[in-house]
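# Breakdown of the fold
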Amino acid sequence: MKEDKVIQPHHHHHQLLLRRLTVFSGNRLARPISFLLLLVLSYTLGYFSASPPPPPPPLQTPIDHHPTTTVAAQTFPDHNRFSTRCAAMPVPSKLIRQTVINRVFNGSSPYYSFPPPHVAHLLRPKRVKGWGSTGSVFETLIRKVKPRTIIELGTFLGASAIHMAELANRLGLKTQIICVDDFRGWPGFQTRFTDIGSINGDVMLMYQFMQNVVYFNVTDSILPVPYSTGSALEALCELGVFADLIEVDAGHDFHSAWSDINRAYKLLRPGGVMFGHDYFTAADERGVRRAVKLFAQVKGLRIQTDGQHWVIDSAESH
Ligand SMILES: C[S@@+](CC[C@H](N)C(=O)[O-])C[C@H]1O[C@@H](n2cnc3c(N)ncnc32)[C@H](O)[C@@H]1O
Ligand SMILES: *[C@@H]1O[C@H](CO)[C@@H](O)[C@H](O)[C@H]1NC(C)=O
Ligand SMILES: *[C@@H]1O[C@H](CO)[C@@H](O)[C@H](O)[C@H]1NC(C)=O
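Rules used in this analysis
- Residues numbered from 1 in each chain as written.
- Chains lettered and ligands numbered in written order.
- Predicted model: local features only at pLDDT ≥ 70, side-chain atom pairs only at ≥ 80, totals over all residues.
- Helix = DSSP H or I, 4+ residues; strand = E, 2+ residues; numbered from the N terminus.
- Buried ≥ 20, exposed ≤ 12 C-beta atoms within 10 Å, placed from the backbone.
- Contact = placed C-beta atoms within 7 Å.
- Near = placed C-beta within 6 Å.
- Nonpolar A, V, L, I, M, F, W, Y, C, P; charged D, E, K, R; others polar.
- Core = buried A, V, L, I, M, F, W, Y, C linked by C-beta atoms within 7 Å.
- Expected span 1.5 Å × (residues − 1).

An unreviewed UniProt entry annotates the chain as S-adenosyl-L-methionine-dependent methyltransferase of Stephania japonica.

So this is what it looks like as structure tokens:
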């Protein structure tokens, strides 16, 4: 990319020069010196611009092979500009559950008269599957932070959320876990999860997650927010729903991870901790690790690791 940017102006410059020169010497071609000069210059310029013109730089500058120093950030400062603050008036911890129920579920708990009859026959009493969802990082951080509020981005069937709820209960904490997931999984995930049913193309993932929460008796600790991380975090930001601990485990491509991490960090209470999976798994290459590193660099934060997880403690800067 760097090369394109250096070469391209020269290339245009040469074409312009050549055009001017041709116009200038057009009516004097009879003069041999002019002609010779033109010949030599054209040759020289032709030498420089002989290779086919480089393609214009793509709008989204890929940074796969240029980690951390972003050409994009320097060339397009706007690319990196978004608000870094949320509502000035935080919702008090003890009002968060009711606030979410009011704003997201029109005042009535989603567990009320669950499961609906047209869905019940598609659910298993318990169907949990996670990825590193019971790693030591969860217990370490819950013991350390003693969170009143946890936001989880990426919940799937609830393995990590249920684990955190049980840990918090065991430690006698009154923790509310807000689970942000569109509960769609990913396109085609049912080829691997054949037992998660659908009704007219509507995946039953949220219902099976809720069934799991009911099964493990942690409905008091866990609330789903069944929207994309982008729109859900935007809403929580406007409402002032902040968290002491935020787990980032939704989209694992660079764009998703970068956006989720930036949005999540705004929702951390002072001294809060943000962490996520796939810093050291095959998925890290898809962008998680790159997004985490870039974010820590931009904010001057330190990345710690715990098993396959990354951890950023907002209280510990460089
Ligand atoms: C790896 S799974 C989460 C696993 C869970 N944390 C656990 O350990 O059991 C990723 C989840 O992120 C959700 N997801 C991916 N992109 C999302 C987005 N943009 N908005 C909301 N949810 C998303 C998917 O629906 C999926 O359930
Ligand atoms: C929301 O709740 C109010 C009051 O309980 C009710 O009148 C209204 O119909 C509900 N709206 C929806 C969309 O369910
Ligand atoms: C379920 O959890 C509640 C607290 O949220 C507790 O009071 C109740 O005894 C539990 N029920 C069972 C069957 O464990």
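In this section: the overall build of the chain. Counting its secondary structure elements, the chain contains 11 helices and 9 strands. Looking at the chain as a whole, 31% of its 318 residues are labelled buried. The contacts of the chain with a sequence gap of at least 6 include a subset with a gap of at least 24, amounting to 76%.

In the vicinity of ligand 1, 19 residues are found, and the nearest of them are G130, S133, G154, A159 and S160. In terms of residue class, the shell around ligand 1 is made up of 5 nonpolar, 10 polar and 4 charged.

In this section: the nonpolar core. If you look at the biggest cluster of nonpolar residues, it comprises 63 residues, and the most contacted ones within it are I151, I246, A264 and L267. Sorting elements by how many residues they give to this core places helix α8 (residues 205–215) first, with 6 residues.

The subject of this paragraph is helix α10 (residues 254–266). A turn of α-helix holds 3.6 residues, and therefore any two residues three or four places apart point the same way. Look at α10: 19 Å from first C-alpha to last across 13 residues, which is about the 18 Å you get at 1.5 Å a residue. Those residues of α10 lying buried are S256, A257, D260, I261, R263 and A264. The elements touched by buried residues of α10 are β1 (149–153), α9 (229–239), β6 (243–248), β7 (268–276) and α11 (288–299).

In this section: unusual backbone geometry. For the bond running from F114 to P115, omega is -5 degrees, close enough to zero to count as cis. Position of P115 among the secondary structure elements: in the loop between α4 (96–105) and α5 (117–120). In this structure, F183 takes a positive phi of about 50 degrees despite not being glycine. Structurally, F183 is set in the loop between β2 (176–180) and β3 (198–199). Note on F183: 22 C-beta atoms within 10 Å, which makes it buried.

One can find V218 in the loop between α8 and β5 (222–225). Assessed through the 20 C-beta atoms surrounding it within 10 Å, V218 is described here as buried. Taking the C-alpha atoms as reference, V218 lies 7.6 Å from E166; in sequence the two are 52 residues apart. Other than its neighbours up to four places away in sequence, V218 contacts I162, A165, E166 and V213.

One can find A168 in helix α7 (residues 159–170). Residue classification places A168 among the buried residues on the basis of 24 C-beta atoms within 10 Å. Distance from A168 to R143, taken between C-alpha atoms, is 8.3 Å for residues 25 residues apart in sequence. Aside from chain neighbours lying at most four places away, what touches A168 is I142, L173, T175 and S221.

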